[in-house]
Amino acid sequence: MNRKYLSFFSILLIVLLAACGGEEAGDTENVTIEFMHSSVEQERLAVITELIEKFQDENPTITVEQVPVEEDAYNTKVVTLASAGQLPEIVEVGQDYAKVMDKDELIDKEVVQAVIEEAGADNFYEGALKLLATEDGKSYTGLPISGWVQGIWYNKKMLESQGFEEPENWEQVMEVAKAFTDTAGKKYGIAIPTVEGGFSEQVFSQFALSNNANVLNADGELAINTPEMKEALQYYQELAQYTMPGSNDTTEVNDAFMNESVPMAIYSTYILPGVFDQGKAENIGFAIPTNETKAVYGSASALTVTSGLEDAQKEAAQQFLTFMAQPENMTKWVLMSPGGAQPVSDLVTENEEYQSNEVVNAFGDLSTEIASSFNDIQVFGLVDGKNYLKMGDITSSGEIPKMINGVTVGGQSVDIAIEGAEASLKEILK
Amino acid sequence: MKRKPKKKNDNKLAALLLFPSIFLILLLVAYPMVSNLQISFFEQSINPNLDPTFIGFENYKEILTDGVFLRSLGITFLYTFLTVVGSTVVGLAVAILFNRPFKFRKISRSLIIASYVAPSISLVFAWKYMFNNNYGIINYVTVDVLHLFDQAPLWFDRPGSSFVLVVIFAIWRYFPYAFISFLAILQTIDNTLYEAAEIDGASAWEKFKVVTLPAIMPVLIIVVTLRAIWMFYMFEDVYLLTNQVNTLGIYLYETAFAFNDLGKAASISVILFIILFAVIILMRKRVNADGNG
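Predicted, not measured: the structure shown is a model, and the values here were computed from it.

J.: Outline the domain arrangement of chain A, listing residues and values.
T.: All names here are of chain A. Split by domain assignment, chain A resolves into domain 1 (30-148 + 299-364) and domain 2 (149-297 + 374-429). Just the C-alpha atoms count here: the centres of domain 1 and domain 2 sit 28 Å apart. Counting residues at the interface gives 31 residues for domain 1 and 29 residues for domain 2. Across the domain 1-domain 2 interface, the total number found is 1 salt bridge. A salt bridge links Lys-103 to Asp-393; the nearest nitrogen and oxygen atoms lie 3.0 Å apart. One can count 8 residue pairs in polar contact (both at pLDDT 80 or more) joining domain 1 with domain 2. A per-class count over the side of domain 1 that touches domain 2 returns 14 nonpolar, 9 polar and 8 charged.

Listed below in structure tokens is the structure:
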């Protein structure tokens, strides 16, 4: 009897353990790697599946499994998977989160470097590579695959109706914003974010950087409490008088521009697909916040290889990245969201499939103007070509958005808000 | 003589049958708890290949002396208290109201639980749109129609109004749970008890106090306890609605995922567990001591 029970227990335990076991060793020649990305929409998944199938046809011993994760849950998922030691071999990341991962040594920079060198670093926009450069400037945190830039979008007809042309500097932006604001009629001059969230930091950074104010100085020390930064925040606070009241996030800014309650909005290139759908591609213009200098905000989306992989996995991941770096594959990736996602390589811009895309064509010269603005990209934490790692922590902490929300919505004074942010950030960077 | 071994076999069979559940509980509850406790004594990177540093009670010390934590704790207690009392009282009142025959009773009952069964995110968006500063219906009514305010108030941008709104939201969202539980138990109360009380000349309040309350007490305790636990750990409703109300759930989330400080986040959850555990034990004891448990 006892023996019977014992064997039953043993079988049960084996079954349960086997169920928890996960991946099997399998064939030694075949390698399976996982690819985590944020393209959860059906059409995009179809494109990625097609790319993977093509890769697998060329490399029959490698199987690539997709792990699509929704954008809102993306960073949380990276943290939990990383802590569990289950991070996929290839992960799509933005430049900010790449820094956070790099700090925790989660990126295999050697592999990334090798892929970029093989693809030819010269082919990528300098602006995009700069965003992904490591702190020592010797390597990269990921292979740039697409990107977006952010600036002031304006409605040409609306501006013309009051005799304005493209605003070329801070003063002119303020002037236009003032002229169009009619709070009683719920019309405003410019749609800018005021929410306590990443979007506010991104937009404000353009005003700060165009006034030569960075969050870190050339030695990588916190330098947020400077006259230049104060001036920029003061300007942003004033400009926010001409935007919709309350905490505006992407939805509010996009809505306001699309329904023409504002003639100007600061938004990424992801505003363009909607404008195209409305058939108003010819009526939109792009301006860059300019004061002492020009500052475009931009983001590079990259594919990166995680650290601590076994040789076979590492090699397979490198092969997949090399495959993705080929112009026609990068083009397919960029065209998953034409207009919104921008190329980060000349080889894509020159690609026939890219050039013949109807959305890209509809915007005519604007497409070229946007592509070239990649070279005016400036971001917080990138000082004299040095991309400080600690900026990832500063952005993650949410202290800068809190400061912006404080002065634009919370009625805080510029001095108090900056001092508050400085004190908290000092604590964080300790 | 023959019976004894048989009994032994029954125990073995019981153990065998219980084994899967016990194994699952150990795997899914006990292991994470122990692991969480362990992490709380370390400074841990999100990269498991980097060795964590043992720092003893440093995380606990940091949290317990952090003003933000203590403030969050206060806000969370107040939030939990108001929403538990609010949702229970409203649920009970509606249940009493619905515990009699009237036309369209069935359809009204199903409509009442709509807020409870709808997903949080859709309700949050509906509320955010309602209170939107530009095109929300609340501002349209209060500013444009009734002229109560000169300018649309920034409902979710001020700590005071945000707190009131998240409390009202939670009461509205969760009272159906109390409603369903109370309605079920109310239907088991024998009507003759009310009739007897009436003959004794009891008023409506006295009938509630003497007949209804003792009868529903077991359910009331469960509803309050569970709701208190759920509200104490509430994260998504508050997080999605506003950034002005920093409850402990949000403090914990930001520590774990904005600052990637897993050790500190683990110790926060240990502290929360101890606090909640103590509160509930005290609450149960109190109720039992009153003889109502």
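J.: Just give me the short version of the packing of helix H6 (residues 120-130) of chain B against helix H8 (residues 159-186) of chain B, but keep the residues and values in it.
T.: Residues and elements named next belong to chain B. As a packed pair, H6 and H8 sit with axes 12 Å apart at the nearest point and diverge in direction by 135°. For the element pair H6 / H8, the angle class is oblique. The element H6 and its partner H8 pack so that their crossing is right-handed. Taking contact as the criterion, the partners of Ser-120, Leu-123, Val-124 and Trp-127 in H6 are, on H8, Leu-165, Ile-168, Phe-169, Trp-172 and Arg-173.

J.: Now, about the side chain of Asn283(A): what can you tell me, with residues and values included?
T.: All names here are of chain A. For Asn-283, the location among the structural elements is in the loop between helix H12 (272-277) and strand E7 (284-287). Residue Asn-283 is classed as buried on the basis of its relative accessible area of 14%. Looking at Asn-283, its side chain comes within polar contact range of the side chain of Asn-155, at 2.8 Å. Not counting residues up to four positions away in its chain, the partners in contact with Asn-283 are Tyr-154, Asn-155, Lys-156 and Lys-157.

J.: Run through the pairing of strand E2 (residues 62-68) of chain A, naming residues and quoting values.
T.: Residues and elements named next belong to chain A. Judged from the 7 bridges that link them, strand E1 (residues 31-37) and E2 form a sheet pairing that is parallel. Among the inter-strand pairings, Val-31 is bridged to a residue of E2, identified as Ile-62. Crossover handedness for the path E1 to helix H2 (residues 42-58) to E2: right-handed.

J.: Describe the pairing of strand E6 (residues 264-268) of chain A, listing the residues and the values that go with them.
T.: Residues and elements named next belong to chain A. Judged by how many residues are buried, E6 sits mostly within the fold: 5 of 5 residues are covered. Residues Met-264, Ile-266 and Ser-268 line one face of E6 and the alternating positions Ala-265 and Tyr-267 line the opposite face, and both faces are buried. Of the strand pairs in this sheet, strand E4 (residues 143-155) and E6 are connected by 5 bridges, and their pairing is antiparallel. Within E6, the position partnered with Ile-152 by the bridge is Ile-266. Bridging between strand E5 (residues 190-191) and E6 involves 2 bridges; their strand directions are parallel. By the bridge assignment, Ala-191 is partnered in E6 with Ala-265.

J.: Requested: an account of the interface of chain A and chain B, with residues and values cited.
T.: Listed as interface residues are 36 residues of chain A and, on the opposing side, 30 residues of chain B. Where chain A meets chain B, there are 1 salt bridge. Close ionic contact of Lys186(A) with Asp144(B) constitutes a salt bridge, the shortest N to O distance being 3.5 Å. Connecting chain A to chain B are 6 residue pairs in polar contact (both at pLDDT 80 or more). Every element with two or more residues in the side of chain A that touches chain B is listed here: helix H1 (2-21), helix H3 (71-83), helix H4 (95-103), helix H11 (250-258) and helix H19 (390-397) of chain A.

J.: So what about H6(B)? Which residues, and what values?
T.: Residue and element names in this part refer to chain B. Of all the positions in H6, only Ser-120, Leu-123, Val-124 and Trp-127 are classed as buried. End-on, the buried residues of H6 take up no more than an arc of 100°, which puts them together on one face. Close packing links the buried residues of H6 with helix H5 (114-117), H8 and helix H11 (236-241).

J.: Explain H8(B) to me, using residue names and the numbers behind them.
T.: Side chains that are three or four residues apart share a direction in an α-helix, a result of its 3.6 residues per turn. Residue and element names in this part refer to chain B. Between its first and last C-alpha, H8 extends 39 Å over 28 residues, near the 40 Å set by a 1.5 Å rise per residue. At Tyr-174, H8 shows its largest bend, some 35°, and a proline, Pro-176, comes one to four positions later. For H8, the tally of buried residues reaches 20 of 28 residues, placing the bulk of the element in the interior.

J.: Lay out the packing of helix H10 (residues 227-239) of chain A against helix H20 (residues 399-408) of chain A with the relevant residues and their values.
T.: The angle between the axes and the distance between the axes are what describe a pair of packed helices. All names here are of chain A. Remark: H10 packs on H20, axes separated minimally by 9 Å, with the N-to-C direction vectors making an angle of 50°. Between H10 and H20, the crossing angle belongs to the class labelled oblique. You can see that H10 and H20 cross each other, and the crossing is right-handed. Within the contact between the two elements, H10 uses Leu-233, Tyr-236 and Gln-237 and H20 uses Met-403, Ile-404, Val-407 and Thr-408. Looking at the contact of H10 with H20, its residues break down into 5 nonpolar, 2 polar and no charged.

J.: Mind laying out the pattern of salt bridges, listing which residues take part and the relevant values?
T.: Residues and elements named next belong to chain B. One pass over the full model with this rule turns up 14 salt bridges over all chains. Here Asp-237 ties to Arg-173 by a salt bridge, and the two come within 3.9 Å at their closest N and O atoms. Placement of the pair is Asp-237 in helix H11 and Arg-173 in helix H8, with a sequence separation of 64 residues.

J.: Pulling in residues and values, what's your account of the packing of aromatic side chains?
T.: According to the stated counting rule, one finds 42 aromatic pairs over all chains in the structure shown. The interplanar angle of 35° and the centroid separation of 5.4 Å between the aromatic rings of Phe207(A) and Tyr235(A) together place this pair among those described as tilted. Of the two residues, Phe207(A) sits in helix H9 (residues 198-210) while Tyr235(A) sits in helix H10, which places them 28 residues apart along the sequence. Ring geometry for Trp127(B) and Phe169(B): centres 5.0 Å apart, planes at 90°, overall edge-to-face. Of this pair, Trp127(B) sits in helix H6 while Phe169(B) sits in helix H8, placing them 42 residues apart in sequence. Classification of Phe169(B) as buried rests on a relative accessible area of 0%.

Parameters at a glance
Residues numbered from 1 in each chain as written. Chains lettered and ligands numbered in written order. Predicted model: local features only at pLDDT ≥ 70, side-chain atom pairs only at ≥ 80, totals over all residues. Heavy atoms only, no water. Domains from an automatic or database assignment. Contact = heavy atoms within 4.5 Å. Salt bridge = Lys/Arg side-chain N within 4 Å of Asp/Glu carboxyl O. Polar contact = N/O pair within 3.5 Å; in protein donor to acceptor, adjacent residues only side chain to side chain. Nonpolar A, V, L, I, M, F, W, Y, C, P; charged D, E, K, R; others polar. Axes fitted to C-alpha atoms, helices over the stretch in contact; angles between N-to-C directions. Helix = DSSP H or I, 4+ residues; strand = E, 2+ residues; numbered from the N terminus. Parallel < 35°, antiparallel > 145°, perpendicular 65-115°, else oblique. Left-handed = near helix turned anticlockwise from the far one by under 90°. Buried < 20%, exposed > 50% of the residue type's maximum accessible area, 1.4 Å probe, protein only. Pairing = 2+ DSSP bridges. Right-handed = clockwise from strand over helix to strand, strands pointing away. Arc of directions from axis to C-beta. Expected span 1.5 Å × (residues − 1). Bend = angle between axes of the 7 residues up to and from the residue. Phe/Tyr/Trp six-rings, centres within 6.5 Å; stacked < 30°, edge-to-face > 60°.

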